[in-house]
Amino acid sequence: MEGGFIPLLCLLLLIMYPYPCSSLPMCTSLRAPVMAKEALSFCPYKGRVCCDSAKDSQLQMQFEAMNISLTNPNCASLIKSILCATCDQFSANLFKVESQIRSVPLLCDYSSATSFCTHVWDTCQNVSIRNSPFAPSLQGEGAAGLPQNTSSKLTDLWQSRTDFCTAFGGRSDDVYCFNGRPLQLNSTRASSVPPKGLCLERLGDKGYINMAAHPDGSDRAFFSDLPGKIWLAAIPKHASGQPLGIDESAPFVDLTDQVKYDTVFGLMGIAFHPNFTQNGRFFASFNCDKEKLSTCSGRCGCNSDVGCDPSKIGASGGADHPCQYHNVVAEYTVNGTSSEPAKATKGKPTEVRRILTLGLPFTNNHGGQILPFLFRFPFLK
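In this text the structure is predicted, and so the values were computed from the model without any measurement.

Undergrad: Tell me about the pairing of strand 14 (residues 353–359), and name the residues and values.
TA: Where a strand is regular, its side chains alternate between the two sheet faces. Of the strand pairs in this sheet, strand 12 (residues 299–300) and strand 14 are connected by 2 bridges, and their pairing is parallel. Bridge pairing in strand 14 places Cys300 opposite Gly359. Pairing between strand 13 (residues 325–333) and strand 14: 6 bridges, direction antiparallel. In the sheet register, Val329 faces strand 14, and the bridge partner there is Leu356.

Shown next as structure tokens:
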């Protein structure tokens, strides 16, 4: 048994074990950051960002309209960094979009004379800023409410540095705060905070019941439907507007002649061996009908070992008798369809081997999700 690989069958629910989560990058638009198609010319952000060239230009015009570059270059540099924080891949957390978008990011303020919020106050308190984002009325609000063509100093808007940093500064236990540079989460405390949400994008209308990423790490994934077909498709780039583009007439593999399909029956799960690109092995979990498929035969889930008598269970859901329908986990392969498994676009619908067949005492309240787990034991070859 290569690598000691065993697919795990979850008959009722997909059980998630505790796993330390890393923080989730997200933009104020509640979308995931993307790789910029071209370098930003104004904001100093690279790699995955939340701004495109149009947003970058908009921020530059907003900054130039503040008219502070010549009067105080040090303050201008700080204000530019604060405006550009909206391009940070963690901007949703910096601007607290789970409640409402702030006019500026949460400035790092650990109640000390060396905090970033203190630095902003000391540097810019007497600098006139046109359309200042630090107006008290804008605390916790978006930039849309900025006053127009007015010029204010921080000392005009706030009585003291304490008041200013109480409004715009963070606390010592804040994971996300802005210190003038792109947010980096390298500390154990920061990286152990679980994400607060997921960004989803609609790619199609068909009801696929399973999706499994291609083990080669590419942008391809396998999709399956309840009747018993599996397709291989490339995932379109984020925000491209392109559909999933599955060719319904050309499935990766068609198992419909083996699958019992109904509202509560069908192809329930798919899993691909972690070394699929070398060995071409994949697995399917599905339901079958013992009356129609000769290979659909296994021990009934209701038996004397668990103190159950199948004869005392009445037929239900169209079944002639208990355990007419079964859960099956079987292995398949792409070997022989391509010189390299990683490049295979077709799988063979013939079983390589049967791993599990279990008769269902009832026709409802059953599942069949499978997950790839790799167990390595010296006696497994």
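From this point, things continue past the structure.
Undergrad: Got a sec to walk through the environment of Gly266? Specific residues and values, please.
TA: Looking at the element boundaries, Gly266 is found in the loop between strand 9 (253–254) and strand 10 (267–272). Excluding its chain neighbours within four sequence positions, the residues that come into contact with Gly266 are Leu226, Val259, Lys260, Tyr261, Ser285, Phe286 and Asn287.

Undergrad: Can you tell me about the state of the cysteines, naming the residues and giving the values?
TA: Enumeration over the complete set of coordinates arrives at 9 disulfides. Here Cys27 connects covalently by a disulfide to Cys50, the sulfurs 2.0 Å from one another. On the sign convention where negative means left-handed, the S-S torsion of about -85 degrees between Cys27 and Cys50 marks this disulfide as left-handed. Here Cys50 lies in the loop between strand 3 (48–49) and helix 1 (53–65) and Cys27 lies in the loop between strand 1 (5–10) and strand 2 (34–35), a separation of 23 residues in the sequence.

Undergrad: Can you tell me about the pattern of salt bridges, naming the residues and giving the values?
TA: Summed over the entire model, instances satisfying the criterion amount to 6 salt bridges. Glu331 is paired through a salt bridge with Arg353; the nearest N and O atoms lie 2.5 Å apart. Pair noted here: Glu331 is in strand 13 and Arg353 is in strand 14, with a separation of 22 residues, a long-range link. For Glu331, a relative accessible area of 4% gives the class buried.

Undergrad: Which residues make up the side chain of Arg102, and what values go with them?
TA: As for its position among the elements, Arg102 is in the loop between helix 3 (91–94) and helix 4 (116–124). A distance of 3.1 Å separates a polar side-chain atom of Arg102 from the backbone oxygen of Val104. Of the polar contacts made by the side chain of Arg102, one reaches the backbone oxygen of Phe168; its length is 3.2 Å.

Undergrad: Mind laying out the packing of helix 2 (residues 73–84) against helix 4, listing which residues take part and the relevant values?
TA: At a minimum axis distance of 9 Å, the contact between helix 2 and helix 4 shows a crossing angle of 135 degrees. The angle between the axes of helix 2 and helix 4 places the two elements in the oblique class. The interaxial crossing formed by helix 2 with helix 4 has left-handed handedness. Contacts between helix 2 and helix 4 pair Asn74, Cys75, Leu78, Ile79, Ser81 and Ile82 from the former with Phe116, His119, Val120, Thr123 and Cys124 from the latter. Considered class by class, the residues forming the contact of helix 2 with helix 4 number 7 nonpolar, 4 polar and no charged.

Undergrad: Go over helix 2 with me, naming the residues and quoting the values.
TA: The end-to-end C-alpha distance of helix 2 is 16 Å, a good match for the 16 Å that 12 residues give at a rise of 1.5 Å each. Buried residues belonging to helix 2 abut helix 1, helix 4 and strand 4 (129–130).

Undergrad: How would you summarise the environment of Val259 if you had to cite specific residues and measurements?
TA: Mapped onto the elements, Val259 comes out in the loop between strand 9 and strand 10. A C-alpha to C-alpha distance of 9.9 Å links Val259 and Asn327, two positions 68 residues apart in sequence. Other than its neighbours up to four places away in sequence, Val259 contacts Leu226, Pro227, Gly228, Gly266, Leu267, Phe286 and Asn287.

Undergrad: Would you mind going over the sheet that holds strand 6 (residues 210–213) in detail, with residue names and values included?
TA: Here 4 strands make up an open sheet; going across it, the order is 6-7-8-9 and the pairing antiparallel. At either end of the open sheet lies a strand with only one pairing partner, and these are strand 6 and strand 9. Pairing of strand 6 with strand 7 (residues 220–224), which is carried by 4 bridges, proceeds in the antiparallel orientation. Across the sheet, residue Asn210 finds its bridge partner in strand 7, namely Ser224.

Undergrad: How would you sum up helix 1? Please name residues and give values.
TA: If you check helix 1, its first and last C-alpha atoms are 18 Å apart, about what 13 residues at 1.5 Å a residue would give, namely 18 Å. Considered for burial, the residues of helix 1 that qualify are Asp56, Leu59 and Phe63. For helix 1, the arc enclosing every buried residue in end-on projection is 65 degrees, short of the 170-degree limit, so these residues lie on one face. Exposed residues lying more than 90 degrees from the buried face of helix 1 are Ala54, Met61 and Glu64. Those residues of helix 1 hidden inside the fold are in contact with helix 2. One or two positions beyond helix 1, positive phi appears at Asn67, with a value near 60 degrees.

Undergrad: An account of the packing of aromatic side chains is requested, with residue identities and associated values reported.
TA: Here the distance between the centres and the angle between the planes together describe a pair of aromatic rings. A full pass over the atoms with the stated rule returns 20 aromatic pairs. Geometrically, the ring pair formed by Trp121 and Phe164 is tilted, given 5.5 Å between the ring centres and 40 degrees between the ring planes. A residue pair is termed long-range when its members are at least 10 positions apart, and Trp121 in helix 4 and Phe164 in helix 6 (residues 161–168) qualify at 43 residues. In this structure Phe164 comes out as buried when scored by relative accessible area, which is 0%. Taken together, a centroid distance of 5.4 Å and an interplanar angle of 90 degrees make the contact between Phe134 and Phe168 edge-to-face.

Undergrad: Quick rundown of the nonpolar core? Include the residues and the values.
TA: Core analysis: the biggest nonpolar cluster contains 47 residues, and Tyr45, Ile79, Leu107, Phe134 and Phe164 have the highest contact counts within it. At the level of secondary structure, the elements contributing two or more residues to this core comprise helix 1, helix 2, helix 3, helix 4 and helix 6. A per-element tally of this core places helix 2 first, with 7 residues. Ignoring sequence-local partners within four residues, the contact set of Ile79 consists of Phe63, Met66, Ile68, Cys124, Ile129 and Phe134. Residues Ile230, Leu267, Phe276 and Ala344 belong to the second largest nonpolar core, which totals 21 residues.

Reading the values: rules and limits
Residues numbered from 1 in each chain as written. Predicted model: local features only at pLDDT ≥ 70, side-chain atom pairs only at ≥ 80, totals over all residues. Heavy atoms only, no water. Pairing = 2+ DSSP bridges. Helix = DSSP H or I, 4+ residues; strand = E, 2+ residues; numbered from the N terminus. Contact = heavy atoms within 4.5 Å. Disulfide = S-S within 2.5 Å. Salt bridge = Lys/Arg side-chain N within 4 Å of Asp/Glu carboxyl O. Buried < 20%, exposed > 50% of the residue type's maximum accessible area, 1.4 Å probe, protein only. Polar contact = N/O pair within 3.5 Å; in protein donor to acceptor, adjacent residues only side chain to side chain. Axes fitted to C-alpha atoms, helices over the stretch in contact; angles between N-to-C directions. Parallel < 35°, antiparallel > 145°, perpendicular 65-115°, else oblique. Left-handed = near helix turned anticlockwise from the far one by under 90°. Nonpolar A, V, L, I, M, F, W, Y, C, P; charged D, E, K, R; others polar. Expected span 1.5 Å × (residues − 1). Arc of directions from axis to C-beta. Phe/Tyr/Trp six-rings, centres within 6.5 Å; stacked < 30°, edge-to-face > 60°. Core = buried A, V, L, I, M, F, W, Y, C linked by side-chain atoms within 4.5 Å.

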